[in-house]
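A look at the structure
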Amino acid sequence: MHNRLKALRAERGWSQQLLAEKLEVSRQSVNAIETGRYDPSLPLAFKIARAFRKSIEEIFVEER
Amino acid sequence: MHWSIGCGRGSAAGKRYLRRLLIAWSLYVLLLILCLELVKKVPMHGWVLYAVAVIPALPVLAVLAVMGLYLQEETDEYLRMLAMRSLMIASGALLGTIVVNDFLRAIAHGSALGPFVCFIVFFGTYGVTQIAQEMAARGAGDA
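All values derive from a computational prediction rather than experimental measurement. (Residues numbered from 1 in each chain as written. Chains lettered and ligands numbered in written order. Predicted model: local features only at pLDDT ≥ 70, side-chain atom pairs only at ≥ 80, totals over all residues.)

**A look at the overall build of chain A**
Regarding its fold elements, chain A presents five helices and two strands. Whereas a compact globule of 64 residues would reach a radius of gyration of roughly 11 Å, chain A reaches 10 Å, a difference of no more than 12%. Counting only C-alpha atoms and orienting by the principal axes, one finds that chain A spans roughly 30 × 20 × 20 Å. The proportion of buried residues among the 64 residues of chain A is 25%. Partitioning the contacts of chain A with sequence separation of at least 6, the portion at a separation of at least 24 is 51%. (Helix = DSSP H or I, 4+ residues; strand = E, 2+ residues; numbered from the N terminus. Rg over C-alpha atoms; globule rule 2.2 N^0.38 Å. Buried ≥ 20, exposed ≤ 12 C-beta atoms within 10 Å, placed from the backbone. Contact = placed C-beta atoms within 7 Å.)

Shown next as C-alpha cells:
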C-alpha cells in the first residue's frame, strides 16, 4: 500500500519523532510505515488520519 | 547501535522486557554455576539429582514467559510484529532441527541431538533474526 505520510509530515514540518508521539507509537513504526515496510492496522490508520485531519483514503492509496 | 535490538526499542514494554530478561539470564548463570558446583561436590542420585539438574532450566522457562509477556504488553503494533516474526522464525528453526534429527534417528540410525542444541538453535535464531531486522530497518533509513 502506498501512503503520503512523508509528504504530509513535511508539509507540517513534523519530525518522525513528533508524529510518533502524536500517534503514541515508536519512531521506528512511523519510519516503517513511511517506507512501505509495514502497513498499519485499521485503528492505527484512523489515528494517523485524525492526526493529519484527513480521511484514510487521502493518506493511504491501494496499490493496483 | 542501540543494544535492545528489536523488542521495543525505547517503548515502556520493551524496557520492562529488557529488565526482566536481564534478571532471568543473570539468575540462569548463577543457578547453573551453583548447580554444577553442587553436583561436583555433593554426591547425589535419584530424584534429588533430577531436581538439581532441572533448577537451571527454570530461568530459561522464565525467559520464554518474559517473551510472551512482552508480546502481551507491547502496545506498538509494529514492534510487536517484529518480535512475533522473530519468534516464529526461531520456532520454525527449532522445530525443523528436531524433525530432521527425528528422521535421521528413525531411518539412518543417527544419533540424538546433543544437550543444549535446541536451546542454541532457538535463542541463536531469535537473536540473528532480531539483528537482521534491525539491519534491514537501518538499510531503509531508520537510524
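Moving on, there is more to tell.
**Observations concerning the interface of chain A and chain B**
The partner chain B presents 12 residues to the 11 residues of chain A that form the contact. With four residues, the single largest contributor to the side of chain A that touches chain B is helix α3 (residues 27-34) of chain A. In terms of residue class, the side of chain A that touches chain B is made up of four nonpolar, six polar and one charged. (Nonpolar A, V, L, I, M, F, W, Y, C, P; charged D, E, K, R; others polar.)

**A word on the nonpolar core**
In this structure, A:Ala32, A:Ile33, B:Tyr70 and B:Tyr78 are the most contacted members of the largest nonpolar core, which totals 19 residues. Secondary-structure elements contributing two or more residues to this core are α3 of chain A together with α1 (12-41), α3 (57-73) and α4 (77-108) of chain B. If one sorts the elements of this core by residue count, α4(B) sits on top with four residues. In this structure B:Tyr78 touches A:Val25, A:Ser26, A:Gln28, A:Ser29, A:Ala32 and A:Tyr38, once residues within four positions along its chain are discounted. (Core = buried A, V, L, I, M, F, W, Y, C linked by C-beta atoms within 7 Å.)

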